[in-house]
Each structure stands twice: as C-alpha cells, then as structure tokens.
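Residues per chain are reported as follows:
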Amino acid sequence: MLLDIHSHILPNVDDGAKSLEAALELLKLMQQQGITNVIATPHFYPHDDTIEAFKERIYNSYNLLCESKDKLPNIILGCELFYFNGISKSEFIREFTIGGSNYLLLEPNPYMLSKKLMDEILYLKNELHIIPIIAHIERYHTCKGYKTFLKFVKENKILTQVNSASFFDKSYNRIIKKLFKEKIITFIATDTHSMRRPPMMDVALLEIEKRFGSNEKRRIISNLEILYNNITAEAMNNEINHTEYL
Ligand SMILES: [Fe+2]
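Residues numbered from 1 in each chain as written. Predicted model: local features only at pLDDT ≥ 70, side-chain atom pairs only at ≥ 80, totals over all residues. Heavy atoms only, no water.

1. Notes on the pattern of salt bridges
For side chains of opposite charge, pairing can occur when their charged atoms come near one another.
So, step 1. Taken as a whole and assessed by the stated rule, the structure comprises twelve salt bridges.
So, step 2. In this structure, Asp-119 and Lys-115 form a salt bridge, with 2.9 Å as the shortest nitrogen-oxygen distance. One end of the pair, Asp-119, and the other, Lys-115, are both in helix H3 (residues 115-127), four residues apart, so they sit about a helical turn from each other.
So, step 3. One connected set of salt bridges, linked through shared partners, spans Arg-139, Asp-191 and Arg-197. (Salt bridge = Lys/Arg side-chain N within 4 Å of Asp/Glu carboxyl O. Helix = DSSP H or I, 4+ residues; strand = E, 2+ residues; numbered from the N terminus.)

Here is the structure:
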C-alpha cells in the first residue's frame, strides 16, 4: 500500500489534468511508481468559486475518472483548500475534508503566515477535531513569518507534507534538510498536475533514503499507511486506532 495524499488528477476541474486521457496517463505513471491509492485534491479558492459549483464539478469529474480507470489506483475524493480568514468558523468546512474523514489538506496563503492562521489551525484541530495537513510546507521558506510558523507546527505536532518534486529542485535543498532534522515532515506527496509536473514518488523516496537514511524513508511510508487506515476507518465510522504519526 502506498498512498499519494496530494494530486490534481481529476480532469478539467483546476490547473491539473486537462483531459480524461491525461488523467489516466498520470494514474498509470503513479501505479508504475508503486502508488496504490490516490487522494484527488483539486484546488478550492474561496474567493473565486462557490462550494456548489465546485462540488458539482469535482463529483462529475471523479465519477468519470472512476468509471474509466479500470485497474489503476483507487481514488479518494479530497480537496486542497486555500486558507482564508475565518476558515475555522466556516459552516462548510466539513465539505472539504478528505473522503468524509476529519483530515483536511490546507494550502497556506504565502502572504498570511500569521498568528491568525495559527489560531485557526488550532481551532480546527482542538475545537472541531478536524486535522489539518499543511500542503507543501517547504514552499513558503522565503515568506514572512515562516520561522515562527515552523516553530508553531513543530510545537503543536501539526501534520505536514512536502512535494516529491521539491527533492529535485536545488532551491529547496537547505529547507528540506532543516525540516527533516527538526522532524517537521510527516508525509511526502506528488502534487502532480500533468506530465510537466509528473508524480515523482519512487525517486523522492529513494532520495530520502540517500540523504536522510532508510529509517526516514520507512517513517514516511509508515505515516502514509497510518493516514490511509485512519481515513478509511473514519469514512466507515469505525473505531480509529489512534496510532501516533512517527
Ligand atoms: Fe496542489
């Protein structure tokens, strides 16, 4: 079992796959890399979309892809929710969680790594029991407030994700090293959009092993397994074995 928790494989819903054929090609590549389950996380930008239009778009696309994918990896419907002020008080917040679970893939606004963001993350987690996963946390390393944000993430054991492609972009080498050293990374994911931004799961896992050792590679794989088990258990309203992420 290998789970990809961040991907734009749904055809024609965002800046990801541009056609059903393109989506199938990406799924095939994911399968070749050992991925068995994929969470489709189309972008939701609250400032220029409505929940109703978004839901209709993604359900139609998801159904089409599922009907056509045959033995390609299983797909779970999720979303990459762009942060907005007041997110924790939104009455629709549960519409955006992954596969009916309590997990939420949250894309920080690079201009708003603020105390407000951190307060809202804590509110989601502690009051609403929604578990945010911070999307591509490495990407914000040049943003104002990043250092404080990382401290907050670490202290509060907030779940995070790094993009597989970032391991092959030299500008992220330093920050990725720091994130591993500080034990801030919980998961990696492809964030694939197209063959120009392809899934790079297998090579990223090898790179983790090469740079940080086989224990770190095993830790990431094991965290992905824990997440998959929790998501599927929650979706079926089963008792969750609250295994701590490593
Ligand atoms: Fe994304």
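Picking up where we left off.
2. Concerning a positive patch on the surface
So, step 1. A cluster of basic side chains, namely Lys-147, Lys-177, Lys-178 and Lys-181, defines a positive patch on the protein surface.
So, step 2. Considering each element in turn, the positive patch owes the most residues, three residues, to helix H5 (residues 173-181).
So, step 3. By the secondary structure assignment, Lys-181 is in helix H5. (Patch = residues over 30% accessible without salt bridge, like charges linked within 9 Å, V, L, I, M, F, W, Y side chains within 5 Å. Areas by Shrake-Rupley, 256 points an atom, 1.4 Å probe, with all protein chains shown as cover. Lys, Arg positive; Asp, Glu negative; His and termini not counted. Charge placed at Lys NZ, Arg CZ, Asp CG, Glu CD.)

3. Description of the packing of aromatic side chains
So, step 1. Scanning all chains against the criterion turns up eight aromatic pairs.
So, step 2. Here Phe-44 and Phe-96 contribute two aromatic rings whose centre-to-centre distance is 4.8 Å and whose plane-to-plane angle is 35°, an arrangement assigned as tilted. You can see Phe-44 sitting in strand S3 (residues 43-44) and its partner Phe-96 sitting in the loop between strand S5 (80-82) and strand S6 (103-107), a full 52 residues away along the chain.
So, step 3. We classify Phe-44 as buried; its relative accessible area is 4%.
So, step 4. A ring pair is formed by Phe-54 and Phe-96, whose centres lie 6.4 Å apart and whose planes are at 40°; its orientation type is tilted. Of this pair, Phe-54 sits in helix H2 (residues 51-68) while Phe-96 is found in the loop between S5 and S6, placing the two residues 42 residues apart along the sequence.
So, step 5. Look at Phe-54 and you get buried, because its relative accessible area is 1%.
So, step 6. Here the aromatic cluster, defined as three or more aromatic residues joined through ring pairs, consists of Phe-44, Phe-54 and Phe-96. (Phe/Tyr/Trp six-rings, centres within 6.5 Å; stacked < 30°, edge-to-face > 60°. Buried < 20%, exposed > 50% of the residue type's maximum accessible area, 1.4 Å probe, protein only.)

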